Amino acid sequence: MGRNIYLSVLGSSIYKECSYVKDDEGFESIKTLFVQQATLEYWNVKSWNPESSRIFIAVTEGKGGSFESNWKDDITERYNSFTKENIPYRGLQSAIRNMGIPDSMVEAVRIPDGKDEDEIWKLFDIIYDKLEDGDILYVDMTHSFRYLPMLIIVLCNYAKFLKNVEIQGLSYGNYEARKDNKAPLIDLLPIVKLQQWTFASADFVKNGNASELQKLCKDITNTLYKGRDVSPDIRNKTGLINKIVTQIEKQIELIQLCQGKEIIN
């Protein structure tokens with residue numbers, strides 16, 4: 001069993017308190033400045049084994065960087081350029097500690113700003129090197145600005161291939177869409193799943209290999225039926241996809257074994 005890994009990028013802006021919700025699951029986080037605290041709560045990271053789990057928060061360095069402005073546990077206030085005054089504030093490090101998560105699980109990973117191609121590749125390497133074979137990834141994309149969302153998705157798939165990493169969660173906290181100071185927590189995992197289906201389909205079309213399609217069918221069926229009431233329409237569609245992929249796999253096997261009569265049948 002691989003390690004549980006939580007990964008998020010911390011921005012340097014001044015954040016305001018709100019709750020993050022997933023109405024379809026009845027989840028509502030505590031009021032917090034940081035979406036990371038909400039997603040740590042959503043994925044119940046507090047229950048993870050501290051010996052084999054890690055929380056990686058990517059922070060930028062230097063003046064105005066997120067390490068100084070939003071991470072350190074000695075932050076008590078910040079200057080608000082709009083109101084021209086200091087306001088009470090705290091860092092994410094102390095917020096995570098107050099959740100009861102041990103410091104041994106948490107690491108602030110220093111990353112460059114990514115202002116040029118060399119820094120982008122350095123950033124890629126820094127995050128990739130934190131991952132180990134068989135890790136189970138939970139990623140929050142909320143503060144991944146500019147090119148970072150694409151980089152992280154590519155990195156996740158790269159690690160999936162080379163380090164057998166499994167992407168179990170991918171979230172985005174849509175603060176701008178909040179109502180009554182409650183912001184929706186959006187599940188982006190289907191985007192990664194769609195990319196996996198695309199790769200698997202291309203492997204079938206180009207190489208006649210349907211094993212990845214079959215694996216994805218099994219995974220999606222297990223996930224879909226896990227603790228949920230599935231509508232008859234979804235159940236029928238899922239069953240049809242499984243039937244098609246099973247037939248494809250059987251047809252490929254017949255071709256490989258030169259079973260001409262069975263292929264025609």
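This text goes with the structure placed above it.
Residues numbered from 1 in each chain as written. Predicted model: local features only at pLDDT ≥ 70, side-chain atom pairs only at ≥ 80, totals over all residues. Heavy atoms only, no water.

## Remarks on a negative patch on the surface
Here's step 1: A grouping of Asp23, Asp24, Glu25 and Asp187 is seen on the molecular surface, where their side chains present a negatively charged patch.
Here's step 2: Looking at Asp24, the relative accessible area reads 65%, which means it is exposed. (Patch = residues over 30% accessible without salt bridge, like charges linked within 9 Å, V, L, I, M, F, W, Y side chains within 5 Å. Areas by Shrake-Rupley, 256 points an atom, 1.4 Å probe, with all protein chains shown as cover. Salt bridge = Lys/Arg side-chain N within 4 Å of Asp/Glu carboxyl O. Lys, Arg positive; Asp, Glu negative; His and termini not counted. Charge placed at Lys NZ, Arg CZ, Asp CG, Glu CD. Buried < 20%, exposed > 50% of the residue type's maximum accessible area, 1.4 Å probe, protein only.)

## Looking at unusual backbone geometry
Here's step 1: Positive phi values are uncommon outside glycine, yet Asn164 reaches one of about 55 degrees.
Here's step 2: Considering the arrangement of structural elements, one finds Asn164 in the loop between helix H5 (148-163) and strand S9 (166-173).
Here's step 3: By relative accessible area, which is 54% here, Asn164 ends up exposed. (Helix = DSSP H or I, 4+ residues; strand = E, 2+ residues; numbered from the N terminus.)

## A word on the pattern of salt bridges
Here's step 1: Inspection of the entire model under this criterion finds 12 salt bridges.
Here's step 2: Here Lys182 makes a salt bridge to Glu28, at a shortest N to O gap of 3.4 Å. Of this pair, Lys182 sits in strand S10 (residues 182-187) while Glu28 sits in strand S3 (residues 27-28), and the two are 154 residues apart along the sequence.
Here's step 3: Linking Lys72 and Glu68 is a salt bridge whose minimum nitrogen-to-oxygen distance equals 3.2 Å.

## Side note on the nonpolar core
Here's step 1: Counting 29 residues, the largest nonpolar core has Leu137, Val139 and Leu151 as its most contacted members.
Here's step 2: Top element by residues in this core is H5. It accounts for seven residues.
Here's step 3: In contact with Val139, other than residues within four places in its own chain, are Leu7, Trp43, Ile152, Cys156, Gly169, Leu170 and Ser171.
Here's step 4: Counting 25 residues, the second-largest nonpolar core is a separate cluster that includes Leu33, Trp48, Ile55 and Met99. (Core = buried A, V, L, I, M, F, W, Y, C linked by side-chain atoms within 4.5 Å. Contact = heavy atoms within 4.5 Å.)

## Observations concerning the sheet that holds S10
Here's step 1: Here eight strands make up an open sheet; going across it, the order is S3-S2-S10-S9-S8-S1-S4-S7 and the pairing mixed. A single partner strand is all that each edge strand has here, and the edge strands are S3 and strand S7 (106-111).
Here's step 2: Summarising the sheet, strand S4 (residues 53-60) and S7 pair through six bridges and their orientation is parallel. Paired with Val59 across the bridge in S7 is Arg110.
Here's step 3: Lying on the sheet, helix H1 (residues 35-42) is in contact with strand S1 (4-9), strand S2 (19-22), S3, S4, strand S8 (136-140), S9 and S10; it crosses S1 at an angle near 160 degrees.
Here's step 4: Sitting on the sheet, H5 touches S1, S8 and S9, and the angle it makes with S8 is about 175 degrees. (Pairing = 2+ DSSP bridges. Axes fitted to C-alpha atoms, helices over the stretch in contact; angles between N-to-C directions.)

## Considerations on the packing of helix H4 (residues 117-129) against H5
Here's step 1: At a minimum axis distance of 11 Å, the contact between H4 and H5 shows a crossing angle of 45 degrees. Between H4 and H5, the crossing angle belongs to the class labelled oblique. The two elements H4 and H5 cross, and the hand of that crossing is right-handed. Taken together, the residues of H5 that come into contact with H4 (itself represented by Ile120, Leu123, Phe124, Ile127, Tyr128 and Asp129) are Leu148, Leu151, Leu155, Tyr158, Ala159, Leu162 and Lys163.
Here's step 2: Here the contact of H4 with H5 is composed, by residue class, of 11 nonpolar, no polar and two charged. (Parallel < 35°, antiparallel > 145°, perpendicular 65-115°, else oblique. Left-handed = near helix turned anticlockwise from the far one by under 90°. Nonpolar A, V, L, I, M, F, W, Y, C, P; charged D, E, K, R; others polar.)

## Comments concerning the pairing of S10
Here's step 1: Strand direction decides the pairing type here: S2 and S10, joined by three bridges, are parallel. Opposite Tyr20, over in S10, you have Ala183 as the bridge partner.

## Overview of a nonpolar patch on the surface
Here's step 1: Together, Tyr158, Phe161 and Leu162 line one region of the surface with nonpolar side chains, adding up to about 370 Å² of accessible area.
Here's step 2: Residue placement: Leu162 occurs in helix H5.
Here's step 3: Residue Leu162 is classed as partly exposed on the basis of its relative accessible area of 44%.

## So, the pairing of strand S6 (residues 85-88)
A regular strand places its side chains on the two faces of the sheet in alternate fashion.
Here's step 1: Alignment of strand S5 (residues 77-80) against S6, held across four bridges, turns out to be antiparallel. Each bridged residue has a counterpart across the sheet, and for Tyr79 the counterpart in S6 is Asn86.
Here's step 2: What sits between S5 and S6 in their antiparallel hairpin is a turn of four residues, with Lys84 showing a positive phi close to 60 degrees.

## Details of the packing of H5 against helix H6 (residues 189-207)
Here's step 1: In the contact formed by H5 and H6, the axes pass within 11 Å of each other and the chain directions differ by 50 degrees. Taken together, H5 and H6 sit at an angle that is classed as oblique. For the crossing formed where H5 meets H6, the hand is right-handed. Contact residues: Ile153, Asn157 and Lys160 in H5; Ile191, Val192, Gln195, Gln196 and Phe199 in H6.
Here's step 2: By residue class, the composition of the contact of H5 with H6 is four nonpolar, three polar and one charged.

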